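Here's the letter readout for the chains.
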Amino acid sequence: MNAPIRAGENVSHPHIRTELPGPKARAMIARDTLVASPSYPRDYHFVMSHGRGTEVWDVDGNRFLDFAAGIAVCATGHAHPTVVAAVREAAGKFLHISSDYWHEGMTALAERIAALAPMGEPVMSFLCQSGTESVEGALKLARYVTGRQRIIAFLGAFHGRTMGSLALTSSKYTQQAGFAPVMPGVTHVPYPNTYRPLFAGSDQGKAVLDYIRMLFERNLPPMEVAAIVVEPIQGEGGYLVPPDGFLAGLRQICDEHGIFLVFDEVQSGVGRSGRMFACEHSGVRPDIMTLAKGLGSGMPVGAIVAKRRIMQQWKKGAHGNTFGGNPLCCAAANVTLDLVRDQYAANAAKVGAHFMKRLKELATTYPCIGDVRGRGLMIGIELIKPDGAPNRALSDAMLHRAFQNGLLLLSCGVSTVRFMPPLCVTEAEVDEAIVMLRKSFDEALAAG
Ligand SMILES: Cc1ncc(COP(=O)(O)O)c(C=O)c1O
């Protein structure tokens with residue numbers, strides 16, 4: 001574990017010389033500790049200097065492979081030259097005009113999204129800056145158009161941290177603790193988990209669908225439900241891929257009761273799953289979709305995407321913002337979507353398959369890897385104790401050892417280490433990461 005860095009620490013004599021963070025990183029973190037919110041959920045002490053593709057360097061000159069990609073954001077890798085050139089060109093023209101006006105990049109982005117969207121019919125987009133804002137907007141749209149208030153969300157879900165999206169978020173109780181009351185009217189149901197089944201029987205997806213139908217009979221009037229909001233692959237909750245037929249079953253329930261099906265593709269979208277949108281693996285079409293993270297390759301841009309016949313019911317002024325459609329963000333998003341469509345979604349599928357194979361091999365030598373799962377470059381390994389229980393201490397230790405060995409990782413769920421490298425990652429980089437993982441496992445397990 002890294003020694004904690006205290007505010008005002010005398011960094012010219014760091015306690016740890018052989019381990020990271022190095023002296024410049026320690027100095028910066030000591031300054032930061034005095035002035036930055038302590039609420040950021042930071043796991044280890046990486047202080048960024050610069051990056052290229054999948055590689056990043058810290059301020060002390062140490063090189064790392066970035067298999068976290070800024071929480072699944074840097075879709076095209078760090079500082080992709082085409083993205084950087086597009087942002088530079090846009091910045092030379094104007095930095096802001098507001099979504100009260102029009103500009104070419106903004107319209108072009110909505111057109112690109114319309115051409116790629118999985119709805120199977122014309123769509124419209126509302127541009128924003130983040131995942132949580134896109135989820136808030138989706139909730140508002142669903143309530144506004146249906147005239148209903150209730151929402152169904154899933155245990156383990158992460159949809160953001162503002163009061164509406166936070167009401168849906170339930171991957172860790174710390175996200176809601178201290179903030180009640182959040183938006184009322186949300187009913188959480190289990191997300192199907194085939195590795196740790198909650199229900200009897202082999203089809204966990206059907207069991208959850210039956211559970212929702214039972215709720216509709218007993219205490220949740222379906223005619224009051226505006227939307228079911230679901231991640232097509234559950235992200236922060238543990239990188240859970242739903243069983244076949246589950247999303248189609250949700251679609252059927254929504255159709256039966258006039259409920260909108262909202263796919264939160266903030267993390268799984270824009271090529272990460274090996275398809276442009278993760279829902280494409282199931283062929284199920286949402287009514288509304290939320291995007292952010294990878295959309296701008298790191299520039300802050302999100303989108304609420306909805307069937308045109310739904311979004312066009314918003315009256316003028318029903319929803320708006322100041323920064324939506326920022327020209328730099330649109331420039332980044334336009335070239336990102338082209339790069340992902342033309343090469344990186346396919347690369348995510350190909351390199352993801354290689355990565356999955358290598359991780360399954362690793363699991364044969366490390367029994368602490370209980371499950372390897374995911375799609376494309378959204379892959380998790382669930383770490384377990386000898387009795388099969390989740391091993392959170394080991395997943396925490398792995399993040400720290402991997403950092404020391406030059407690999408940036410994040411966790412999710414209770415004890416899952418997740419891998420979400422840039423979509424341009426190569427098989428050679430995956431192989432290098434596997435070597436670092438082996439070393440990290442050996443060290444973490446030896447330390448007990
Ligand atoms: C599926 C999903 N939705 C929404 C969000 C919230 O996005 P943001 O942090 O940009 O607000 C996240 C963030 O991790 C996410 O994974």
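Scroll up to find the structure.
Cut-offs used in this document
Residues numbered from 1 in each chain as written. Predicted model: local features only at pLDDT ≥ 70, side-chain atom pairs only at ≥ 80, totals over all residues. Heavy atoms only, no water. Helix = DSSP H or I, 4+ residues; strand = E, 2+ residues; numbered from the N terminus. Rg over C-alpha atoms; globule rule 2.2 N^0.38 Å. Buried < 20%, exposed > 50% of the residue type's maximum accessible area, 1.4 Å probe, protein only. Contact = heavy atoms within 4.5 Å. Salt bridge = Lys/Arg side-chain N within 4 Å of Asp/Glu carboxyl O. Pairing = 2+ DSSP bridges. Axes fitted to C-alpha atoms, helices over the stretch in contact; angles between N-to-C directions. Phe/Tyr/Trp six-rings, centres within 6.5 Å; stacked < 30°, edge-to-face > 60°. Parallel < 35°, antiparallel > 145°, perpendicular 65-115°, else oblique. Left-handed = near helix turned anticlockwise from the far one by under 90°. Nonpolar A, V, L, I, M, F, W, Y, C, P; charged D, E, K, R; others polar. Polar contact = N/O pair within 3.5 Å; in protein donor to acceptor, adjacent residues only side chain to side chain.

Trainee: Lay out the overall build of the protein with the relevant residues and their values.
Mentor: Summing up its helical and strand segments, the protein has 12 helices and 15 strands in all. Taking 22 Å as the expected radius of gyration for a compact globule of 448 residues, we find that the protein reaches 22 Å, a close match to that expectation. Across the 448 residues in the protein, those meeting the buried criterion constitute 56%. A separation threshold of at least 6 residues defines the contact pool for the protein, and within that pool the share at least 24 residues apart is 72%.

Trainee: An account of the pattern of salt bridges is requested, with residue identities and associated values reported.
Mentor: Scanning all chains against the criterion turns up 26 salt bridges. Where E89 meets K93, a salt bridge forms, and the shortest distance between an N and an O atom there is 3.4 Å. Residue E89 and its partner K93 are located together in helix α3 (residues 81–93), separated by 4 residues, close to a single helical turn. The exposed category is assigned to E89, whose relative accessible area is 51%. As a salt-bridge pair, R358 and E361 come within 3.1 Å of each other at their nearest N and O atoms. Here E361 and R358 lie together in helix α10 (residues 327–365), a separation of 3 residues that amounts to about one turn.

Trainee: Which residues make up the sheet that holds strand β1 (residues 48–52), and what are the values?
Mentor: Across the sheet, which stays open at both edges, the 4 strands sit in the order β1-β2-β3-β13 with mixed pairing between neighbours. Each edge of the sheet is formed by a strand with only one pairing partner; in this case those strands are β1 and β13 (407–408). Pairing geometry for strand β2 (residues 55–58) and strand β3 (residues 63–66), over 3 bridges, is antiparallel. Paired with V56 across the bridge in β3 is F64. The strands touched by helix α12 (residues 427–447) within the sheet are β2, β3 and β13, with β3 carrying the most contacts at an inclination of about 110 degrees.

Trainee: Provide a residue-level description of the packing of aromatic side chains, including the pertinent values.
Mentor: Summed over the entire model, instances satisfying the criterion amount to 11 aromatic pairs. Between F154 and F246, the ring centres sit 6.0 Å apart and the planes meet at 80 degrees, which makes this aromatic pair edge-to-face. Here F154 is found in strand β5 (residues 150–154), whereas its partner F246 is found in helix α8 (residues 246–257), with 92 residues between them in sequence. Owing to a relative accessible area of 1%, F246 belongs among the buried residues under this scheme. On the numbers, 5.9 Å between centres and 55 degrees between planes, the contact of F199 with Y211 is tilted. You can see F199 sitting in the loop between β6 (186–189) and α7 (204–218) and its partner Y211 sitting in helix α7, a full 12 residues away along the chain. On the basis of relative accessible area, Y211 is assigned to the partly exposed category, the value being 25%. Taken together, the aromatic side chains of Y44, F46, F64 and F403 make up a single cluster linked through ring pairs.

Trainee: Give me the packing of α10 against α12: which residues, what numbers.
Mentor: Two elements in contact, α10 and α12, have axes whose closest approach is 10 Å; the angle formed by their N-to-C orientations is 25 degrees. Comparing the axis directions of α10 and α12 gives the class roughly parallel. In terms of crossing hand, the pair formed by α10 and α12 is right-handed. Where α10 abuts α12, its residues K350, V351, H354, F355, R358, L359, L362 and T365 lie against E427, V430, D431, I434, L437, R438 and F441. Class assignment of the residues belonging to the contact of α10 with α12 gives a composition of 8 nonpolar, 2 polar and 5 charged.

Trainee: Requested: an account of the packing of helix α11 (residues 392–404) against α12, with residues and values cited.
Mentor: One can describe the packing of α11 onto α12 by two numbers: an axis separation of 9 Å at closest approach and a directional angle of 125 degrees. Here α12 runs oblique to α11, going by the angle between their axes. When you trace α11 past α12, the crossing you get is right-handed. Residues L394, A397, M398, R401 and A402 of α11 touch α12, and the partners they reach there are L437, S440, F441, E443, A444 and L445. Of the residues in the contact of α11 with α12, the class split is 8 nonpolar, 1 polar and 2 charged.

Trainee: Before we move on, could you go through the side chain of N405 and cite the residues and values that matter?
Mentor: Its location among the elements puts N405 in the loop between α11 and β13. Engagement of the side chain of N405 in a polar contact is seen with the side chain of E443, the distance being 3.1 Å. Setting aside chain neighbours within four positions, we find N405 in contact with M436, K439, S440 and E443.

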